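# Fold and geometry: a report
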Amino acid sequence: MATDHAPPAPSPSADQAPLRVLLPQVLPALAVGVGAALLFLGISALAEQFQHVLWNDLPDALDIGAYSSLWTISVLTAAGIASGLVIWKFPGHAGPDPAAMGLGGPPLAPGIVPGLLLASTLTLAGGVSLGPENPIIASNIALAFWLGHKAAPTIPGAFWVSLASAATIGALFGTPVAAALVISEALVGRPGRGSLWDRLFAPLVAAGAGSMTTQLLAEPSFDMGLPPLTDPGWGDLLAALVIASLAALFGLAACYLFPTVHAAFRRLRHPMLMLPVGGLVLGLLGALGGHLTLFKGLDEVKELASSIGGWSSGELAKLAVVKLAALLIAASCGFRGGRIFPAVFVGAAFGLFAQALVPEVHPAVAISSGVLGVLLATTRQGWISLFVAAVIAGSPPMLALLCLASLPAWLVVTGRPQLELDEQGNALR
């Protein structure tokens, strides 16, 4: 999932002293950071309320099992029908084909944002295996670009794009570190005035404001409650190297299938065919895999990690395969959502599968290495993959292992297809 962040643009007086250039950027960065976080939190809260109605209140009222096969198939098919209607009827069709959207990109017209946010809410609430990141980032970029241009038309648009991207990433992960890593990677090879920290200054202010807003209002946590690895040894390093590389190969399977599956759905030609059919397939997969294979996957990873040793290797293999298939279908048929969070679940299930086969492997090593490998394969974002894996491990000594494990996994995925297409429907590499 390639990023397309515009580099932070200097103000018109970039040849002045750095303080005089950077200080005026603070207020707009704070405003964008808080606004981006509030939009993310608002959509998340709305989706959670709607999810509770769909998966708790309604089945209770109908005296039906919330995650019975019939209810799972019905709700996901209905989510496909509702999403198809939004994409068909709303202005701009709720944005471009999500299969060709990464984190960021050029600003959308502001009239597209309501449809995109509604389609994303239906995705999150309906149990589709996609996360909020791509639609929320695209919406915040569109709004920041539009409002920023109206408020200060002389400031380059790239400035607002970089602030909105960083702010939303900071809000999503609850820390500005993730935004700093992503934007630093985007700045490589892009010329610009000033030092790297000068160019990162305003985006980091926005990311800090976004993450603090999220922390104050929602208290997000990636803590999986894993037993910490305090004294890693050579066996742990070997396990991390092997699991990350194998997980990367596993994730690549979906990347190779992506253009073919996407083309099959495109042949249906209309969102009122593509989305309902996709929802039906996702419902069948959800009925097969169970409730853990539904939704974006972060809460489900915590549930999975809370019962280490309680799953057989066969059960874990089924969870990993079904979730990867659900991610592939959801990303191909047109549901609006991101691919990072469900890929985290796939990696965690794969790592626990490896740990079930070799119980001597430490759970933190197994899960974080699996997440690292699958994220590298599906996103091709090295820093984000390493960051998420390290946060999930929750153990500083794991960072060295994960850095080393990322190297052979990167050799596995580099130059291979990723889970994003170009405008012609070909896989990006």
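Residues numbered from 1 in each chain as written. Predicted model: local features only at pLDDT ≥ 70, side-chain atom pairs only at ≥ 80, totals over all residues. Heavy atoms only, no water.

## What to know about helix α5 (residues 133-151)
To keep things clear, this is the line we draw: The helix count covers DSSP runs of H or I at least four residues long, the strand count covers runs of E at least two residues long, and both are numbered beginning at the N terminus. The span one expects for a helix is its residue count, reduced by one, times 1.5 Å. Burial classes follow relative accessibility: with a 1.4 Å probe on protein chains only, a residue under 20% of its type's maximum area counts as buried, one over 50% as exposed, and anything between as partly exposed. In what follows, a contact means two residues having at least one pair of non-hydrogen atoms within 4.5 Å.
The end-to-end C-alpha distance of α5, which contains 19 residues, comes to 26 Å, matching closely the 27 Å that a straight helix rising 1.5 Å per residue would cover. When we look at burial in α5, the residues that qualify are E133, N134, P135, I136, I137, A138, S139, N140, I141, A142, A144 and G148. Against α2 (26-62), β2 (103-104), α4 (113-125), α6 (157-173) and α13 (340-357) lie the buried residues of α5.

## Details of the layout of surface pockets
To find the voids left in a structure, one rolls a probe of water-molecule size over its atoms. Which entries qualify depends on this criterion: Only protein atoms enter the 1 Å grid, on which a cavity is a set of points fitting a 1.4 Å probe that cannot get out and a pocket is an open set with protein on both sides within 12 Å along at least 5 of 7 lines, lining residues being those with an atom within 4 Å of a point. Grid points are joined across faces, edges and corners, and a volume is the space filled by probe spheres set on the points. Gly is put with the polar residues, along with every residue not named as nonpolar or charged; the nonpolar set is Ala, Val, Leu, Ile, Met, Phe, Trp, Tyr, Cys and Pro, and the charged set is Asp, Glu, Lys and Arg.
The computed volume of the largest pocket comes to approximately 710 Å³. Contributing to the lining of the largest pocket are 28 residues, with S44, E48, K296, L298 and D299 lying nearest its centre. Counting residues per element, the ones that place at least two in the lining of the largest pocket are α2, α8 (196-218) and α11 (298-305). For the lining of the largest pocket, the element with the most residues is α2, which contributes seven residues. Tallied by class, residues from the lining of the largest pocket come to 15 nonpolar, six polar and seven charged.

## Thoughts on unusual backbone geometry
In the Ramachandran plot, D63 falls in the positive-phi region, its phi being about 55 degrees despite a non-glycine side chain. Checked against the element boundaries, D63 lands in the loop between α2 and α3 (69-89). Judged by relative accessible area, D63 falls into the exposed class, the value being 74%. You will see that F295, though not glycine, has its phi angle at about 65 degrees, which is positive. Looking at the element boundaries, F295 is found in the loop between α10 (271-289) and α11.

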